[in-house]
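Chain and residue survey
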Amino acid sequence: LKPEDYKENPNLFNETYQKSLLELASLLRANGFNLQSEFTNKLLRIEGYDVSNLSGTNATASMVVFEGNEPLKTDYRKFRIKKTKGINDFKMIKEVLERRLNHKDWNLPDLILVDGGLGQLKKVSEALKEKGLMIPALGLAKRLERLAINDKYVNLKSGSGLLNLLIAVRNESHRFAKNYHKLLRLREVFKKS
């Protein structure tokens, strides 16, 4: 789609989003997820997660939230990694999910997306299972933009509305985690000077 397409048809944005939801529902059902409700005719709440660390120091993680195609910045959360030592993105992402899921006052998502592949996704799934939650979770690995689902990778059609939406969530979680990590490193530098 080109920007001028949206000028010619103002409803294209909503139509694209609805198609993305149908594609997502179909993908999840085909991979064994028993959906509690239809994703259509609602603003899907997606939580995106990423971990940021440099040599295992000042490790941080982010939780970003999208409702519909839009970021819901009031619901963003930052985490400092507390329990996991060294460089272990898998354990770090599980720690963050466990801590997030302990917040019963936060709205639960319809979908969780983690920046990463099967290793990260496995830890997210473990955290959900331990809490008895049946929330669908996906991973989106960088570079190849392959989608991790259950124990395999699938390729979404390049340029599809669903892939574009998931890339936007993944990139935002990466940006948010990285910025928080930089801030903590700067604070450390100023403490030493």
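Remember, it's a predicted structure, so these values are computed and weren't measured experimentally. (Residues numbered from 1 in each chain as written. Predicted model: local features only at pLDDT ≥ 70, side-chain atom pairs only at ≥ 80, totals over all residues. Heavy atoms only, no water.)

1. Regarding the packing of aromatic side chains
Stated precisely, the cut-off is as follows: When the centres of two rings from Phe, Tyr and Trp lie within 6.5 Å, Trp using its six-membered ring, the rings pair. Their planes under 30 degrees apart give stacked, over 60 give edge-to-face, and anything left gives tilted. Numbering of helices and strands runs from the N terminus; a helix is a DSSP stretch of H or I covering at least four residues, while a strand is a stretch of E covering at least two. Three exposure classes are used, based on accessible area relative to the maximum for each residue type with a 1.4 Å probe and protein chains only: buried under 20%, partly exposed in between, and exposed over 50%. Throughout this description, the term charge over a ring refers to an Arg CZ or Lys NZ atom that lies within 6 Å of the ring centre and within 35 degrees of the ring normal.
Enumeration according to the criterion identifies 1 aromatic pair in this entry. Taken together, a centroid distance of 5.0 Å and an interplanar angle of 70 degrees make the contact between Y76 and F176 edge-to-face. Placement of the pair is Y76 in the loop between strand 3 (70–71) and strand 4 (77–80) and F176 in helix 5 (residues 161–192), with a sequence separation of 100 residues. The exposure class of Y76 is buried, given its relative accessible area of 8%. Here the basic side chain of R146 rests over the ring of Y153, its NZ or CZ set 3.8 Å away from the ring centre.

2. Structural notes on unusual backbone geometry
Of note in this structure, R143 is not a glycine but carries a positive phi near 70 degrees. You can see R143 is positioned in the loop between strand 6 (137–140) and strand 7 (147–149). The phi dihedral of N150 is positive, around 55 degrees, even though this residue is not glycine. Position of N150 among the secondary structure elements: in the loop between strand 7 and strand 8 (152–154).

3. Quick word on the packing of helix 3 (residues 89–101) against helix 4 (residues 118–130)
Note the threshold: The angle between two axes is taken between their N-to-C directions and runs from 0 to 180 degrees, where each axis is a line fitted to C-alpha atoms and a helix contributes only its stretch in contact. Note on angle classes: values under 35 degrees are labelled roughly parallel, values over 145 roughly antiparallel, values of 65 to 115 roughly perpendicular, and the remainder oblique. Left-handed is the label given to a crossing in which the near helix is rotated counterclockwise from the far helix by less than a right angle, and right-handed is the label when the rotation is clockwise. Contact definition: two residues touch when any of their heavy atoms are within 4.5 Å. In this classification, the charged set is Asp, Glu, Lys and Arg, the nonpolar set is Ala, Val, Leu, Ile, Met, Phe, Trp, Tyr, Cys and Pro, and all remaining amino acids, among them Gly, are polar.
The contact between helix 3 and helix 4 brings their axes to 8 Å, and the two run at 30 degrees. Classified by the angle their axes make, helix 3 and helix 4 are roughly parallel. Seen along the crossing, helix 3 lies across helix 4 with a hand that is right-handed. From helix 3, D89, F90, I93, K94, L97, E98 and L101 reach across to helix 4, where they touch G119, Q120, K123, V124, E126, A127, L128 and E130. Class assignment of the residues belonging to the contact of helix 3 with helix 4 gives a composition of 7 nonpolar, 2 polar and 6 charged.

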